Amino acid sequence: MMVGIFRALAVLAMMTALAGCIDHANDPVLLAVGVPVNPPAVAHGICMTDGNAMYDEARKQYQLRAQLTGYAQADELEAETIARAAAHRQYVACLSGQGYRTLYAN
């Protein structure tokens, strides 16, 4: 009987704690550029991995679209351009999420 009461209280406490999280579950966490989440080396490693995965996925999707449209000789240069652009967008978005902003010298 005592164990049942403690279980019920534990479940009630857990439900109360989780109910408090629901209101803020989808709120974005905004960090200033000067206060990043991870050090630059860690963020770069994480985002390079995301970018590489996006590159592979974009190449695969290009090949699948070429097969669906009957374009047997897929343009390798166009596939590379699309994949690089997708990887770059993913890298920049990831770094932005880590609290960094990418700067490029022209």
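Read on for a plain summary of the structure. Here the structure is a predicted model, which is why all the values come from computation and not from measurement. Throughout, residues of each chain are indexed from 1 in the direction in which the sequence is written. Owing to the predicted nature of the model, reporting of local features is limited to residues with pLDDT of at least 70; listing and counting of side-chain atom pairs is limited to 80 or more, with chain, interface and lining totals taken over all residues. Here the side-chain values reflect all heavy atoms present in the structure, with hydrogen atoms and water set aside.

1. Structural notes on helix H2 (residues 40–68)
We count a stretch as a helix when DSSP gives it H or I for four or more residues in a row; a strand needs E for two or more, and each element gets its number in order from the N terminus. Residue count minus one, scaled by 1.5 Å, sets the expected span of a helix. Compared with an ideal rise of 1.5 Å per residue, which puts 29 residues at 42 Å, H2 spans 41 Å between its outermost C-alpha atoms and is within 8% of the ideal. The complete set of buried residues in H2 reads Ala43, Cys47, Gly51, Ala58, Arg59, Tyr62 and Ala66. Contact between two residues is taken to exist if any of their heavy atoms lie within 4.5 Å; hydrogens are not considered. Buried residues belonging to H2 abut helix H3 (76–97). At the exit of H2 stands Gly70, carrying a positive phi of roughly 80°. Here the term buried applies to any residue with accessible area under 20% of the maximum for its type, exposed to any over 50%, and partly exposed to those in between, with areas from a 1.4 Å probe on protein chains only.

2. Brief notes about the packing of H2 against H3
Axis definition: a line fitted to C-alpha atoms, limited for helices to the stretch in contact. Angles are taken between N-to-C directions and run from 0 to 180 degrees. Here H2 crosses H3 at 150°, and the two axes come no closer than 7 Å. For the crossing formed where H2 meets H3, the hand is right-handed. Charged residues are taken to be Asp, Glu, Lys and Arg, nonpolar residues to be Ala, Val, Leu, Ile, Met, Phe, Trp, Tyr, Cys and Pro, and polar residues to be all remaining types, Gly included. Grouping the amino acids of the contact of H2 with H3 by side-chain chemistry returns 16 nonpolar, four polar and six charged. Left-handed describes a crossing in which the near helix is turned anticlockwise from the far one by less than a right angle; the clockwise case is right-handed.

3. Some words on the pattern of salt bridges
When the charged atoms of two side chains lie near each other, side chains of opposite charge can form a pair. By definition here, a salt bridge exists when the distance from a side-chain nitrogen of Lys or Arg to a carboxyl oxygen of Asp or Glu is within 4 Å. Inspection of every chain in the model, using the stated rule, returns four salt bridges. Arg59 serves as the salt-bridge partner of Glu76, at 2.2 Å between the closest nitrogen and oxygen. A residue pair is termed long-range when its members are at least 10 positions apart, and Glu76 in helix H3 and Arg59 in helix H2 qualify at 17 residues. On the basis of relative accessibility, which here comes to 18%, the residue Arg59 falls in the buried class. Glu80 serves as the salt-bridge partner of Arg84, at 2.8 Å between the closest nitrogen and oxygen. Taken together, the positions of Arg84 and Glu80, both in helix H3 and four residues apart, correspond to about one turn of that helix. Judged by relative accessible area, Arg84 falls into the exposed class, the value being 56%. Overlapping salt bridges, with partners in common, bring together Arg59, Glu76, Glu80 and Arg84 in one network.

4. Looking at the environment of Ala87
Position of Ala87 relative to the elements: it lies in helix H3. Since its relative accessible area comes to 14%, Ala87 is described here as buried. Distance from Ala87 to Glu57, taken between C-alpha atoms, is 9.2 Å for residues 30 residues apart in sequence. Setting aside residues up to four positions removed in sequence, Ala87 forms contacts with Gly51, Met54 and Tyr55.

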